[in-house]
Structures are given as structure tokens and as C-alpha cells.
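# Summary of structural features
Here is what each chain is made of, one letter per residue.
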Amino acid sequence: MKTIFPINIFKHCATPFYYYDIDLLRATLQELKSCIKGVPYKVHYAVKANANPRILHEIKEAGLSIDCVSGGEIVAALAAGFKGDAIAFAGVGKTDHEIGLGVNHDIFCFNVESLPELEVINEIAATKGKVANIALRVNPNIDAHTHEYITTGLSENKFGINLEQLDKAVDKAMSMPDVNLIGLHFHIGSQLLDFKPYEMLCNRINELQDHFDARGISFKIINVGGGLGIDYDDPDGNPIPDFKGYFDTFKQHLKLRPGQELHFELGRSIVGQCGSLIARVLYVKNGTKRNFIIVDAGMTDLIRPALYQAHHVAENITSTSTETELYDIVGPICESSDKFASDEKLPSTHRGDLIALRSAGAYGEVMAMQYNCRNLPKSHFSHD
Ligand code: LLP
């Protein structure tokens, strides 16, 4: 399913902007749902990947639950129509105010990252006369072999409760009157295309469940987080991620107990391929060694290349030229890291052409900032 850009409409739109292919988003959600039919699996969409209200609306319509990491995300989810009982709330530094908000809305579950946090949730729930559902986030010490900024499941990372401290945390949670321990939560990293680390995670969870079975302790929910990657190199060739391979890995390797549910928190794999950042070419500058395309979008609109050395395929969507050249594509920000691509092969490009930076639906618009007093990018949709 190839994204078709409505260029005639784009010509009249102020750039830069995000364009979302709603048909592709719907097809992606459809495929995801068909892969979890008939198994006790539940997917929470990770709002952090994209909190655009229109995108949240589509995801709600598809019937997914939601995973939030801040009070702001909880507010965005509620505004999009998600009910409190569909919200999981994760995050290593939840404020008292954010915890209070979650308790007030009787959210489905708090994913708890430390013992001190557990105490605060118990206290806040008590003052409100409520019992908060919690899952303990376990740091499983598994290397996801992804970019160091987005790997989270190693014991040296700040996330979760280490395996050595888990028994103590479980005992403590079970002894507290105002929290209800319903599950264990894991997340090992993001943009994973190799399923081996997930297999290792399943094995680790099986060991832990055996351990807790022996202690007579059981959990209603196992939550394995998110992280399924997308094909940044070939967005049109692989517009929908390998949900089947991903879920099959868990079906094959994770031994769920009777009545137990398996939860996921997927972000990038749901929204990544449906979004592109559309920029206009301001200047083409021929340097001594390189040719630069200077566009009106910068790292402020899409920070992934500058922050993670990520590559987003760049397409000149208006050129009809049959000649190609190698270009560096850069933005207008006063930083050398404000570069989208080096040696990108594009048709001969001119001032006024439109460039699409593909696979930008996840961690694109939502990470935009106003450095250099720039405006935040707007968004347009295939079903406007
Ligand atoms: N659950 C937890 C606990 C997480 O920390 C994350 C992502 C997710 C779920 C969703 O992961 P996903 O399915 O989207 O991989 N800004 C970076 C990615 C940061 C991911 C942070 N945590 C990027 O642009 O690559």
C-alpha cells in the first residue's frame, strides 16, 4: 500500500507540515487486530509516539487501549474519548499531581518503577479513599541491541525494578492496603526488528512466573511493553510492520497462565509509516564538495536524524526530472546537526520543490520544538 501524496492540495499548504495517510493507519490497525484475534492479548497504543488528536481518534475507533507516560498524555487520551479503565500509566518520575490525576480517573493500571514510587501511589490512593491497580515494572536485564538512547531493559538503565529487588517489591506491594498488584511490566527497547531479544524476554518471564508460582503468587497481567520496529529504508515496500511475526514470537515462547492476559504497548509500529514531514526547498546550493538542498523544515520539526542519527527516506514529490544527483538535505537551524540526509539520490531539485521525509509518523510531530522561535509544524490528513 503506497502512500499517494495529493500534490495539488499540498501546493497551497504552508510548509513544513506533517501529512498522515489515514488509509494506511487504518490498514495497519486492521492487520494488528487480526493478529490478536482469539488470544488473550490487549494492545495499549503508546501515546508518546504521536499524540495528534486525529490520530488518537482513529486509534480509539479501532478499539485499542492506551499507554501514557505523563499527566499531559492522560489528559490527551481522555480528550480523545479514552476512558480511565483503558489507560496504563508508566514513567520513571510520576509527580504527585499526575498520580492523583490517574487515581481520580480510576485508570486501569500504574506501571510502577521503584519502591519509593509505590509508597507514594499507596498514600495518594489512600487519601482519595481508593485502591489503585498497579503492575511492577521489572528491568529484565536484556540487551535489545538497539540505539543506546532507546534501549531500556539493561540493569544499568534507569528504568524499572532490578531482578534482585523484585521479591521485596512484590511483598511490599501485596502488603499495602491501597494498591492492588495485578501484573508485571517489561519494556526492553524500541525499533527492534530482530525478534531474538523478545524470545529472551519470554524466557525470562517464564522463569519469573515459575519462581512466583512456587511462592503461590500469580499475576492477572503480563505486560511486555512495545518496541516493534518499522522499515525506515523501504516505507512503500513495507508499509505495515511484521505484526504476525512479532505476536507469534510471544505465542510460541511465552507461557501464559490460565486466565492471564498479555498486554503490549506499541507506538512506532502503529503510526510510524503513515506520517511524512513535507518541506519546501528554499535553495539549492552547490558547494565545492557537496550539493545542498536547504529545506524549510529543520531538526525542530523532526529531531530523529540529529538525535539518533536516524535515516528517513527523502523523496522529491514534485520533480518530474529524470536526471538524478546526490544531495545533502539540510534545514535552516543554526546547528550543524540540522541535517536530514547525506548523499541522498534525488531527481534534479529546484527551489519550490516539495520533499517528503518518510516514516515520520512516530516520534516526529510529537517531538517538535520551538528552538529559534520557530512555529510548530501543522498537520494534514488524507481524509481532511
Ligand atoms: N512502553 C514503554 C515503557 C516505552 O518506554 C516505550 C517507548 C514504548 C512502550 C513504545 O515503544 P515503541 O513501540 O514506540 O517502540 N524517540 C525515540 C523512541 C523512544 C521510545 C521511548 N519508549 C525514537 O524516535 O526512536
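Keep in mind that what you see is a predicted model, and the values were worked out from it rather than measured.

If you check the shell around the ligand, you find 17 residues, and the closest are Ser190, Glu265, Arg304, Tyr308 and Tyr363. Within the side chain of Arg304, one N or O atom sits 2.6 Å away from an oxygen atom of the ligand. Separating an oxygen atom of the ligand from a side-chain N or O atom of Tyr363 is a distance of 2.6 Å. The protein chains hide 92% of the 590 Å² of surface that the ligand would expose on its own.

Moving on to empty space enclosed by the protein. Enumeration according to the criterion identifies one cavity of 30 Å³ or more in this entry. Reported here for the largest cavity is a volume of approximately 40 Å³. His44, Ala88, Phe108, Cys109, Asn111, Ala135, Ile221, Asn223 and His263 together form the lining of the largest cavity. Only strand E5 (109–112) and strand E9 (221–223) provide two or more residues apiece to the lining of the largest cavity. For the lining of the largest cavity, the per-class residue count stands at five nonpolar, four polar and no charged.

The subject of this paragraph is the side chain of Asp328. Of note, Asp328 is situated in strand E14 (residues 324–330). Among the polar contacts made by the side chain of Asp328, one reaches the side chain of Arg290 at a distance of 2.6 Å. Ignoring sequence-local partners within four residues, the contact set of Asp328 consists of Arg290, Asn291, Phe292, Ile293, Lys339, Ala341, Ser342 and Asp343.

Tallying each qualifying case throughout the model produces 23 salt bridges. Here Glu117 and Lys94 are joined by a salt bridge, their closest N and O atoms 2.6 Å apart. With Glu117 in helix H6 (residues 115–127) and Lys94 in the loop between strand E4 (87–89) and helix H5 (96–104), this residue pair connects regions lying 23 residues apart in the sequence.

In this section: the domain arrangement of the protein chain. In terms of domain boundaries, the protein chain breaks down into domain 1 (22–270) and domain 2 (273–381). Spacing between the C-alpha centres of domain 1 and domain 2 amounts to 33 Å. Each side of the interface is counted separately: domain 1 has 21 residues, and domain 2 has 20 residues. Between domain 1 and domain 2, a total of about 1900 Å² is buried, with carbon and sulfur atoms accounting for 56% of that surface. The largest contributions to the domain 1 side of the interface with domain 2 come from Tyr232, Pro235 and Arg268, which together make up 27% of the buried area.

Moving on, we get to the nonpolar core. If you look at the biggest cluster of nonpolar residues, it comprises 97 residues, and the most contacted ones within it are Phe247 and Ile270. Excluding residues within four positions of it along the chain, Ile270 makes contact with Leu25, Thr28, Leu29, Leu32, Val43, Tyr45, Ile59 and Leu64. Phe17, Tyr19, Ile278 and Ala356 belong to the second-largest nonpolar core, a separate cluster that totals nine residues.

The next thing to look at is the pairing of E14. As paired elements, strand E12 (residues 291–295) and E14 share three bridges and run parallel to each other. The residue of E14 that forms the bridge with Ile293 is Ile329. Alignment of E14 against strand E15 (residues 339–347), held across six bridges, turns out to be antiparallel. Opposite Thr324, over in E15, you have Pro347 as the bridge partner.

A word on helix H2 (residues 22–35). Between its terminal C-alpha atoms H2 stretches 20 Å, which fits the 20 Å expected from 14 residues at 1.5 Å a residue. For H2, the set of buried residues is Ile22, Leu24, Leu25, Thr28, Leu29, Leu32 and Cys35. Seen from one end, H2 has its buried residues packed into an arc of 160°, which puts them on one side. Of the residues flanking the start of H2, the one acting as N-cap is Asp21, its side-chain oxygen 3.2 Å from the backbone nitrogen of Asp23.

A few words on H5. Of all the positions in H5, only Glu98, Ile99, Gly100, Leu101, Gly102 and Val103 are classed as buried. Buried-residue contacts for H5 involve helix H4 (71–79), E4, E5 and H6. Phi turns positive one or two residues past the end of H5, at Asp106, with a value near 50°.

All right, on to unusual backbone geometry then. Across the chain, the bulk of peptide bonds are trans and the bulk of non-glycine residues have phi less than zero. Each neighbour pair has its own omega, and for Thr15 with Pro16 the value is -5°, a cis peptide bond. With respect to the helices, strands and loops of the structure, Pro16 is situated in the loop between helix H1 (7–10) and strand E1 (17–20). Of note in the backbone geometry, Asp106 takes a positive phi value of approximately 50° without being a glycine. With respect to the helices and strands, Asp106 occurs in the loop between H5 and E5. Positioned with a positive phi, Asn372 is a non-glycine residue whose angle comes to about 70°. Mapping Asn372 onto the fold places it in the loop between strand E16 (354–357) and strand E17 (378–381).

Cut-offs used in this document
Residues numbered from 1 in each chain as written. Predicted model: local features only at pLDDT ≥ 70, side-chain atom pairs only at ≥ 80, totals over all residues. Heavy atoms only, no water. Near = heavy atom within 4 Å. Polar contact = N/O pair within 3.5 Å; in protein donor to acceptor, adjacent residues only side chain to side chain. Areas by Shrake-Rupley, 256 points an atom, 1.4 Å probe, with all protein chains shown as cover. 1 Å grid on protein atoms, 1.4 Å probe; cavity = no way out; pocket = protein on both sides within 12 Å on 5 of 7 lines; lining within 4 Å. Points joined across faces, edges and corners; volume = space filled by probe spheres on them. Helix = DSSP H or I, 4+ residues; strand = E, 2+ residues; numbered from the N terminus. Nonpolar A, V, L, I, M, F, W, Y, C, P; charged D, E, K, R; others polar. Contact = heavy atoms within 4.5 Å. Salt bridge = Lys/Arg side-chain N within 4 Å of Asp/Glu carboxyl O. Domains from an automatic or database assignment. Buried area = accessible area lost by both parts, 1.4 Å probe. Core = buried A, V, L, I, M, F, W, Y, C linked by side-chain atoms within 4.5 Å. Buried < 20%, exposed > 50% of the residue type's maximum accessible area, 1.4 Å probe, protein only. Pairing = 2+ DSSP bridges. Expected span 1.5 Å × (residues − 1). Arc of directions from axis to C-beta.

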